[in-house]
Amino acid sequence: MSELYNAIRNRRSFSKVTEATPDSAELEHLLEAAGRVADHSSLHPWRVIAIRGESRTKVGKSLAKADGKKKGEADGFIRKAHRAELLLAVVFSPKPSHKVPSWEQEAVASGVAHSLSLLLDDAGWGVLWRTGPHTRAKPVAKAHKLRKGEKLMGWLYVGGKPDGDRSARKTIAAADYLSEL
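- In the annotation of an unreviewed UniProt entry, the entry for the chain reads Putative NAD(P)H nitroreductase, and the organism field reads Lysinibacter cavernae.
- Within the UniProt record for the chain, the comment given under Sequence similarities (unreviewed entry) is "Belongs to the nitroreductase family."

**Section: the overall build of the chain**
Then step 1. In terms of helices and strands, the chain carries 6 helices and 4 strands.
Then step 2. For the chain, the N- to C-terminal ordering of α and β elements is α-α-β-α-α-β-α-β-α-β.
Then step 3. Relative to a compact globule of 181 residues, whose C-alpha radius of gyration would be 16 Å, the chain shows 17 Å and is just as compact.
Then step 4. Across the 181 residues of the chain, 38% fall into the buried class.
Then step 5. Considering only contacts in the chain between residues 6 or more positions apart, those separated by 24 or more positions represent 82%.
Then step 6. Carbon and sulfur atoms provide 53% of the accessible area of the chain, an area that totals close to 11,400 Å².
Then step 7. Computing the positive centroid from 31 side-chain charges and the negative centroid from 21, the chain places the two 9 Å apart.

**A closer look at the environment of isoleucine 78**
Then step 1. Take isoleucine 78: it is sitting in helix H4 (residues 75–81).
Then step 2. Between the alpha carbons of isoleucine 78 and proline 162 there is a distance of 22 Å; along the sequence they are 84 residues apart.
Then step 3. Other than its neighbours up to four places away in sequence, isoleucine 78 contacts Thr57, Gly60 and Lys61.

**Regarding the packing of aromatic side chains**
Then step 1. Tallied over the full model, the rule gives 0 aromatic pairs.
Then step 2. Above the plane of the ring of phenylalanine 14 lies arginine 12, whose end atom (NZ or CZ) is 4.7 Å from the centre.
Then step 3. Its guanidinium or amino end placed over the ring of phenylalanine 77, lysine 80 lies 5.9 Å from that ring's centre, counting from NZ or CZ.

**Comments concerning the UniProt feature "domain: Nitroreductase" (unreviewed entry) in the chain**
Then step 1. Mapped onto this structure's residue numbering, the UniProt feature "domain: Nitroreductase" (unreviewed entry) falls at residues 8–159.
Then step 2. Helix makes up 39% of residues 8–159 and strand 19%, and the two end C-alpha atoms of the span are 19 Å apart.

**Examining a positive patch on the surface**
Then step 1. On the surface, a cluster of positive charge is contributed by Lys16, Arg79, Lys80 and Arg83.
Then step 2. As for its placement among the helices and strands, lysine 80 is situated in helix H4.

**Let's talk about the side chain of histidine 144**
Then step 1. Note that histidine 144 resides in the loop between helix H6 (138–143) and strand E4 (151–160).
Then step 2. Apart from residues no more than four positions distant in its own chain, histidine 144 is found in contact with Arg47, Ile49, Ile51, Val59, Ala89, Leu152 and Trp155.

**Here we look at the sheet that holds strand E1 (residues 46–52)**
Then step 1. Here 4 strands make up an open sheet; going across it, the order is E1-E2-E4-E3 and the pairing antiparallel. Pairing within the sheet leaves two strands with one partner each, and these edge strands are E1 and strand E3 (125–130). Between one strand and the next, the sheet's axes are offset by a mean angle of 25°, whatever the strand orientation.
Then step 2. Pairing of E1 with strand E2 (residues 86–92) involves 7 bridges; the strand directions are antiparallel. In the sheet register, alanine 50 faces E2, and the bridge partner there is leucine 88.
Then step 3. Each of E1, E2 and E3 touches helix H2 (residues 24–34); the most contacted strand, E1, lies at about 160° to it.
Then step 4. Across the sheet, helix H3 (residues 55–66) lies against E1, E2 and E4, angled at about 110° from E1, the strand it touches most.

**Details of the pattern of salt bridges**
Then step 1. Tallied over the entire structure, the rule returns 6 salt bridges.
Then step 2. Between arginine 136 and glutamate 106 there is a salt bridge, and its shortest N-O distance comes to 2.5 Å. On the criterion of sequence distance, the pair formed by arginine 136 in the loop between E3 and H6 and glutamate 106 in helix H5 (residues 102–122) is long-range, its members being 30 residues apart.
Then step 3. Put simply, aspartate 121 and lysine 161 hold a salt bridge, and the shortest N to O gap is 3.2 Å. With a gap of 40 residues between them, aspartate 121 in helix H5 and lysine 161 in the segment after E4 connect regions that are remote in the sequence.
Then step 4. Sharing partners across several salt bridges, the network here consists of Arg47, Arg147 and Glu150.

Scoring rules and cut-offs
Residues numbered from 1 in each chain as written. Predicted model: local features only at pLDDT ≥ 70, side-chain atom pairs only at ≥ 80, totals over all residues. Heavy atoms only, no water. UniProt positions renumbered as here; feature names shortened; annotations may be inferred. Helix = DSSP H or I, 4+ residues; strand = E, 2+ residues; numbered from the N terminus. Rg over C-alpha atoms; globule rule 2.2 N^0.38 Å. Buried < 20%, exposed > 50% of the residue type's maximum accessible area, 1.4 Å probe, protein only. Contact = heavy atoms within 4.5 Å. Areas by Shrake-Rupley, 256 points an atom, 1.4 Å probe, with all protein chains shown as cover. Lys, Arg positive; Asp, Glu negative; His and termini not counted. Charge placed at Lys NZ, Arg CZ, Asp CG, Glu CD. Phe/Tyr/Trp six-rings, centres within 6.5 Å; stacked < 30°, edge-to-face > 60°. Lys NZ or Arg CZ within 6 Å of the ring centre and 35° of its normal. Patch = residues over 30% accessible without salt bridge, like charges linked within 9 Å, V, L, I, M, F, W, Y side chains within 5 Å. Salt bridge = Lys/Arg side-chain N within 4 Å of Asp/Glu carboxyl O. Pairing = 2+ DSSP bridges. Axes fitted to C-alpha atoms, helices over the stretch in contact; angles between N-to-C directions.

Given below as structure tokens:
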């Protein structure tokens, strides 16, 4: 099989990553490829926000606020936002179009996120796509400085792949998911 097939088939999520991260130049290089997903009318209805350092604390606090926590009760959310040195917030940024409905544009943004996670994994980085009940909450949108109409798709937590368990995920039984009309 091809290298691409093997890279996709062997991809796995890493819930724990090391402190190493790709630099901005590598991220831009990978995003150039991820941005090549099928995109009706080439609207590019997405963008990515790199979150490093103390900006992760801001994300954690916004998640705590969205959960109804008071000041001083955000520690758990802040710890979650600090599980990786780099968070990549993937944003659905719809464009006006009479030909391309919103749902299709959101699928493009999702495709970019998934392609970017595959490319990061193939480049040797550990990646986990995190979402949650507060992904689209107002305090979280405000913390990410989302524009009117934009929606957060979640975060790619990125870092070095840890040593240890590298077991492959169980392969699906494709016949269970494939039908003909």
